[in-house]
Amino acid sequence: MEMKSSENLLKVLNSYNTWWRTGQMPKFMNREFKRFGFYEALEIMSNSQIKRDVIISGARRVGKTTIMNQLIDYLLGQHVESRRILYISFDHPVFKIFSMDEVLSVYHDDIYPEKDSYYFFDEVQYCEDWDKWLKTLYDTQPNSKIIATGSASPALIEKVGESGVGRWRILKIPTLSFYEYCNLLKVEDRPVLDKSIKPTQVFKQSAPKVTDLFTKLEPMQKHFNRYLRVGGFPELALSRDDAYASRVLREEIVDKVLKRDIPALYKIQNPIVLEKIFLYLCYHSSSIINISAMNKELEGVSRTTLERYIEFLESANLIYISSPINISGKKALKSRDKIYIADAAIKTAVLMQGDEILSDPTEMGALVETTIFKHIFSFYYQQSTRVGYYREHGESQKEIDIVVEAGRSTILIEVKYRNETELGKYEAILNLANSESAAIVVTKKDLDYGVNILENGAQINRIPAYAFLYLLGHAEEKGYKRLDSK
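This section reports on the structure supplied with the text. (Residues numbered from 1 in each chain as written. Predicted model: local features only at pLDDT ≥ 70, side-chain atom pairs only at ≥ 80, totals over all residues. Heavy atoms only, no water.)

Scanning the chain from terminus to terminus reveals 19 helices and 14 strands. What you see for the chain is a C-alpha radius of gyration of 24 Å, in line with the 23 Å of a compact globule of 486 residues. Summarising its shape, the C-alpha atoms of the chain cover approximately 75 × 55 × 45 Å along the three principal directions. Counting the 486 residues in the chain, one finds 56% classified as buried. Taking the intrachain contacts of the chain between residues at least 6 apart in sequence as the baseline, contacts between residues at least 24 apart amount to 71%. Carbon and sulfur atoms make up 48% of the accessible area of the chain, which amounts to about 22400 Å² in all. Taking the average place of the 65 positive charges on the side chains of the chain and the average place of its 65 negative ones, the gap between the two points comes to 2 Å. (Helix = DSSP H or I, 4+ residues; strand = E, 2+ residues; numbered from the N terminus. Rg over C-alpha atoms; globule rule 2.2 N^0.38 Å. Buried < 20%, exposed > 50% of the residue type's maximum accessible area, 1.4 Å probe, protein only. Contact = heavy atoms within 4.5 Å. Areas by Shrake-Rupley, 256 points an atom, 1.4 Å probe, with all protein chains shown as cover. Lys, Arg positive; Asp, Glu negative; His and termini not counted. Charge placed at Lys NZ, Arg CZ, Asp CG, Glu CD.)

Structure follows, in structure tokens:
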């Protein structure tokens, strides 16, 4: 039998697109819980006035395909003709031997002849010349909609920038936020909160309302440590075996990205070097990365290779990069980036750290800072906002862990995940906070919340980590796109 035949292609298409026969999305493929990214994608797809197609980007197993399935289920629920909806996973070997043109020709010749389709292209980066084909579809089929996914964000963005300006919206899907995690697991005692509440404005309420809020949030604390250990990958969060979930994360998610996805995308001949670099970054997550020191420890790996491979890891959504930001004319450390692993659980899985990490204050501090950065970065990624850190230039090296700069609005965030959070009089956040900024110290204990008023009138809010993250997710759900101090 000829391998490259339309009959073979049709068999695969029919096996993926079962709704052509049944008119329904299979129950096992359609999850009840919907992430924020679903609603963002649906809003773009449904807009009849401004045509934009969607690229959903994110790490393996964060739920990109699930969002696609939920969008398809939505369309079927709206009585869209089932054969009008085409799903293709370019990760499947059959689609690697056919061009996009050949696949679409078979689809339109044998399944749906009209050119007003809904195209769902999964892991589109594995399709040769995908960007040119998507541009062609956009230009020649004005009544069609395209939703694509990919695991390599900067690579996708670069190609979209070359051929898709004004045609595409990139939606970057992070791992589950703590708020989403609690909702996915339907944890008990989830508080009902005022829809207007924001983490930066908690203490503008009366004292009784503040006390009531933190009393409502307190039950969420017991879920926070597990969230740090198993992370924000939906399938693994739902697992009842945390040790096995950690193994799956290490072997089926991280290893596949390091040994297959990145080498295939960037033609890396020796993935062992890539693995060594990622291991180094796991040990130093939340730290400023000194390439010279890294070069010395990873003997034989050139500076150029280190910098390129770090870019590849960011592209594959395994790390975040935090760059230095100047504050109010203060001179910051010369450009040295901080690196954060994309999910705290990736670090614990790769380094095979068990429950003993919970009693290590240094490690827990790094995990919590990593988690806070991920939440803040994800909250602001679609806006003209800089998220980085501040470290003073000179001998003192005073630092603020996370800085958000949105126009004239600045948010300063210091992570003090420890039993005692007394701020020393020379702490950078005390020196740089002012009445125009929002300043937050993220604490550990459930009762360690309140306000410090500085001599210059600035206000520093202390909020426990679990409460801060839950409130941030709540604000995101309610549609707040900024958390300024106004």
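Next comes the rest of the account.
Before going further, it helps to examine the environment of glutamate 32. Relative to the elements of secondary structure, glutamate 32 occurs in the loop between helix H2 (19-22) and helix H3 (36-46). Distance from glutamate 32 to glutamate 81, taken between C-alpha atoms, is 22 Å for residues 49 residues apart in sequence. The residues touching glutamate 32, leaving out its near neighbours within four places in the chain, are Gln70 and Lys186.

Ranked by internal contacts, the top residues of the largest apolar core, which has 149 residues, are Phe120, Phe121, Ile277, Phe278 and Leu281. Broken down by element, the residue count for this core peaks at 9 residues, all from helix H19 (residues 465-477). For phenylalanine 278, the contacting residues outside a window of four places in its chain are Val254, Leu258, Leu313, Leu318, Ile319, Ile341, Ile346 and Val350. Formed by 17 residues, the second largest nonpolar core is a distinct cluster that contains Ile400, Leu432, Leu454 and Ile460. (Core = buried A, V, L, I, M, F, W, Y, C linked by side-chain atoms within 4.5 Å.)

Turning our attention to helix H13 (residues 271-283). If you check H13, its first and last C-alpha atoms are 19 Å apart, about what 13 residues at 1.5 Å a residue would give, namely 18 Å. Residues Val273, Leu274, Ile277, Phe278, Tyr280, Leu281 and Cys282 constitute the buried set of H13. Lining the buried residues of H13 we find helix H12 (242-266), helix H14 (291-297), helix H15 (303-315), strand S7 (319-324), strand S8 (338-341) and helix H16 (344-350). (Expected span 1.5 Å × (residues − 1).)

So, about the packing of H3 against helix H4 (residues 64-77). Two elements in contact, H3 and H4, have axes whose closest approach is 10 Å; the angle formed by their N-to-C orientations is 50 degrees. Overall, the two elements H3 and H4 adopt an arrangement that is oblique. Judged by the sense of rotation from one axis to the other, the crossing of H3 with H4 is right-handed. Across from Gly37, Phe38, Ala41, Leu42 and Met45 in H3, the residues of H4 making contact are Ile67, Gln70, Leu71, Tyr74 and Leu75. Taken together, the residues of the contact of H3 with H4 sort by class into 8 nonpolar, 2 polar and no charged. (Axes fitted to C-alpha atoms, helices over the stretch in contact; angles between N-to-C directions. Parallel < 35°, antiparallel > 145°, perpendicular 65-115°, else oblique. Left-handed = near helix turned anticlockwise from the far one by under 90°. Nonpolar A, V, L, I, M, F, W, Y, C, P; charged D, E, K, R; others polar.)

Now for the sheet that holds S7. As summarised here, the arrangement of the 9 strands in space is S6-S8-S7-S9-S10-S11-S12-S14-S13, forming an open sheet in which the pairing is mixed. Edge positions in the open sheet fall to strand S6 (287-288) and strand S13 (450-453), since each of these has one partner strand only. When S7 meets S8, the two strands line up antiparallel, connected through 4 bridges. Considered in S8, the bridge of serine 322 is made with lysine 338. The strands that H15 touches are S7 and S8; relative to S7, the one it contacts most, it runs at about 120 degrees. (Pairing = 2+ DSSP bridges.)

A few words now on the packing of helix H9 (residues 207-217) against H19. It is at 10 Å that the axes of H9 and H19 come closest, and there the two elements cross at 95 degrees. Here H9 is positioned roughly perpendicular relative to H19, judged by the angle of their axes. For the pair formed by H9 and H19, the contact residues are Leu213, Phe214 and Leu217 on the first element and Tyr466, Ala467, Tyr470 and Leu471 on the second. The class makeup of the residues in the contact of H9 with H19 is 7 nonpolar, no polar and no charged.

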